[in-house]
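# Close look at the chain arrangement
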Amino acid sequence: MDKLDNVIFYTIEKAIKSYRRYGQKKLRENGLKITIDQWLVIKNIMDNPSISQQEIAEKVFKDNASVTRIIDLLFKAKYIRRSVNKTDRRKTNLVVTEEGVNLVNEVYKVVLEYRATALQGISRQEIDATTKVLSAIIGNCK
């Protein structure tokens, strides 16, 4: 049996968790009262104005219940507005408020900084090769 540290999937998970913890720490240090998951949801709404809650869940790798809770928090914080879809009353339209847009932009500045730190000392070729390998794994698992 392989040691966990020798299993690529364990290392991938460890890297993702480390990166997210580091990112969350940097957001807090910059006085930004939002989680990475909340930022991912609001950024997806901003980038895809007609996105459904199901599509958000798929894009941020969360279940519908988690996305509902995040949307409720963003709504209470006045970062998004909700309205009933005029053509399908079962759906809700989500719109990022001006305050939400400002927050997304502030968070993005910090994201760029901690992303650069995380990738420090890693060449473009290494990033491309890693992306290629990870994309192949994703394809193999579909």
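Anything mentioned here points back to the structure above.
Okay, so let's go over this structure. All of these numbers come straight from a predicted model, not from anything done at the bench. (Residues numbered from 1 in each chain as written. Predicted model: local features only at pLDDT ≥ 70, side-chain atom pairs only at ≥ 80, totals over all residues. Heavy atoms only, no water.)

## Some details on the nonpolar core
We count it as follows: The term nonpolar core refers to a set of buried residues drawn from Ala, Val, Leu, Ile, Met, Phe, Trp, Tyr and Cys, joined through side-chain atoms within 4.5 Å. For every residue, the accessible area obtained with a 1.4 Å probe (protein chains only) is divided by the maximum for its type, and the residue is called buried under 20%, exposed over 50%, and partly exposed between those limits. Helix numbers and strand numbers start at the N terminus; a helix is a DSSP run of H or I with at least 4 residues, a strand a run of E with at least 2. Only heavy atoms enter the contact rule, under which two residues are in contact if any of them lie within 4.5 Å.
Counting residues in each nonpolar core, the largest one holds 26 residues, and the members touching the most others are V41, I42, I45, I56, L74, I80 and V107. The dominant element in this core, judged by the number of residues it contributes, is helix α5 (residues 98-118), at 6 residues. For L74, the contacting residues outside a window of four places in its chain are I34, Q38, V41, I42, Y79 and I80.

## Describing the environment of F75
Inspection of the secondary structure assignment puts F75 in helix α4 (residues 64-76). A sequence separation of 21 residues divides F75 from V96, and the C-alpha atoms of the two residues are 9.3 Å apart. For F75, the contacting residues outside a window of four places in its chain are I80, R81 and R82.

## A short note on helix α2 (residues 36-47)
For clarity, the cut-off: Helix span is expected to be 1.5 Å times the residue number reduced by one.
An ideal rise of 1.5 Å per residue puts 16 Å on 12 residues; α2 measures up with 16 Å between its terminal C-alpha atoms. Turning to α2, its buried residues number three or more, namely I36, D37, Q38, W39, V41, I42, N44 and I45.

## Notes on the packing of helix α3 (residues 53-60) against α4
Quick note on the threshold: Under this scheme, a helix contributes an axis fitted over its contacting stretch, all axes are lines through C-alpha atoms, and angles between N-to-C directions fall in the 0 to 180 degree range. Should an angle fall under 35 degrees it is called roughly parallel, over 145 degrees roughly antiparallel, and 65 to 115 degrees roughly perpendicular, with every other angle called oblique. Think of it as three bins: nonpolar holds Ala, Val, Leu, Ile, Met, Phe, Trp, Tyr, Cys and Pro, charged holds Asp, Glu, Lys and Arg, and polar takes everything else, Gly as well.
At a closest axis distance of 9 Å, the pairing of α3 and α4 adopts a crossing angle of 105°. Judged by the angle between their axes, α3 and α4 are roughly perpendicular. Only N64, V67, T68 and I71 of α4 make contact with α3, whose side of the interface consists of Q53, Q54, I56, A57 and V60. Of the residues assigned to the contact of α3 with α4, the class counts are 5 nonpolar, 4 polar and no charged.

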